[in-house]
Amino acid sequence: MKVLTSDWNSSKAQLTFVRRQVFIIEHGIDEQDEWDGKDEDAVHFVAFGTTAVPVGVCRLTSDGQIGRLAVLPNYRHQGNGNLLLRKAIQVAREMQLKQVFLHAMVDVQIFYQTHGFKTDGKIFMEAGKPHVKMVRDI
């Protein structure tokens, strides 16, 4: 498994493929919510297994928001999400950010807690799904 750092223009096909499968098809997120206009300015990460097919993606915006972390169903629980998140945190550190944050779907907040993220527990709706804001100093 490896994670490549990229940009929207270079990896658009891989990024849209994974996000469409996970967020739009699997989770039922509306396309207008998924394509929010922040992709072109973000740093993107693409995880690959043993083939050239992407298995997961993530993005980091200049204000320190980690988002759109998605792993295809057949590749979950194999460390891909961990690798993507660690890479995003590493790049945020290289960007000299002091803190990163994310909006986690409530059912996956434990995953982020294992990586040192904390939440105030306040649930809010985003893209029709319950989320919590989570923060981590880096």
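Above this note sits the structure.
This text gives an overview of the structure that appears in the document. (Residues numbered from 1 in each chain as written. Predicted model: local features only at pLDDT ≥ 70, side-chain atom pairs only at ≥ 80, totals over all residues. Heavy atoms only, no water.)

1. Points about the nonpolar core
By size, the foremost hydrophobic cluster in this structure holds 23 residues, and its most contacted members are Phe45, Ile66, Leu84, Tyr112 and Phe117. Those elements giving two or more residues to this core turn out to be β2 (43-48), β3 (54-60), β4 (66-71), α3 (80-94), β5 (99-105) and β7 (129-137). Top element by residues in this core is α3. It accounts for six residues. Leu84 has contacts with Val3, Phe45, Val46, Ala47, Gly56, Val57, Cys58, Leu69, Ala70 and Val71, leaving out every residue within four places of it along the chain. Core analysis: the next-biggest nonpolar cluster, separate from the first, contains twelve residues, Trp8, Val18, Phe23 and Phe48 among them. (Core = buried A, V, L, I, M, F, W, Y, C linked by side-chain atoms within 4.5 Å. Buried < 20%, exposed > 50% of the residue type's maximum accessible area, 1.4 Å probe, protein only. Helix = DSSP H or I, 4+ residues; strand = E, 2+ residues; numbered from the N terminus. Contact = heavy atoms within 4.5 Å.)

2. Re the sheet that holds strand β6 (residues 118-126)
Across a sheet, strands are paired by hydrogen bonds formed along the backbone, either parallel or antiparallel in direction. Judged by pairing direction, the sheet is antiparallel, and its three strands sit side by side in the order β5-β7-β6 without closing on themselves. Across the chains shown, the open sheet's two edge strands, defined by having one partner strand only, are β5 and β6. Across the sheet, the axes of successive neighbouring strands diverge by a mean angle of 25°, strand direction being ignored. Where β6 and β7 come together, six bridges link them in antiparallel fashion. By the bridge assignment, Thr119 is partnered in β7 with Met134. (Pairing = 2+ DSSP bridges. Axes fitted to C-alpha atoms, helices over the stretch in contact; angles between N-to-C directions.)

3. With respect to the layout of surface pockets
In this structure, the largest pocket encloses a volume near 870 Å³. If you trace the largest pocket, you find 36 residues lining it, with Phe23, Leu69, Ala70, Val108 and Tyr112 closest to the centre. When residues of the lining of the largest pocket are traced back to their parent elements, those giving at least two are α1 (8-26), α2 (31-34), β4, α3, β5 and α4 (109-113). Counting residues per element, the lining of the largest pocket draws most heavily on β4, which supplies six residues. Residues of the lining of the largest pocket, tallied by class, amount to 15 nonpolar, eleven polar and ten charged. (1 Å grid on protein atoms, 1.4 Å probe; cavity = no way out; pocket = protein on both sides within 12 Å on 5 of 7 lines; lining within 4 Å. Points joined across faces, edges and corners; volume = space filled by probe spheres on them. Nonpolar A, V, L, I, M, F, W, Y, C, P; charged D, E, K, R; others polar.)

4. Describing α1
Over its 19 residues, α1 runs only 22 Å from end to end, short of the ideal 27 Å by more than 12%, given 1.5 Å per residue. Of all bends in α1, the biggest is about 40°, found at Gln14. Trp8, Ser11, Leu15, Thr16, Val18, Arg19, Val22, Phe23 and Ile24 are the residues of α1 that are buried. The inward-facing, buried residues of α1 abut β1 (2-6), α2, β2, β3, β4 and β5. With a side-chain oxygen lying 3.1 Å from the backbone nitrogen of Asn9, the N-terminal cap of α1 falls on Asp7. Gly28 occupies a position one or two residues after α1 and carries a positive phi of about 70°. (Expected span 1.5 Å × (residues − 1). Bend = angle between axes of the 7 residues up to and from the residue. Polar contact = N/O pair within 3.5 Å; in protein donor to acceptor, adjacent residues only side chain to side chain.)

Remember that the coordinates give geometry; whether it matters functionally is a separate question.
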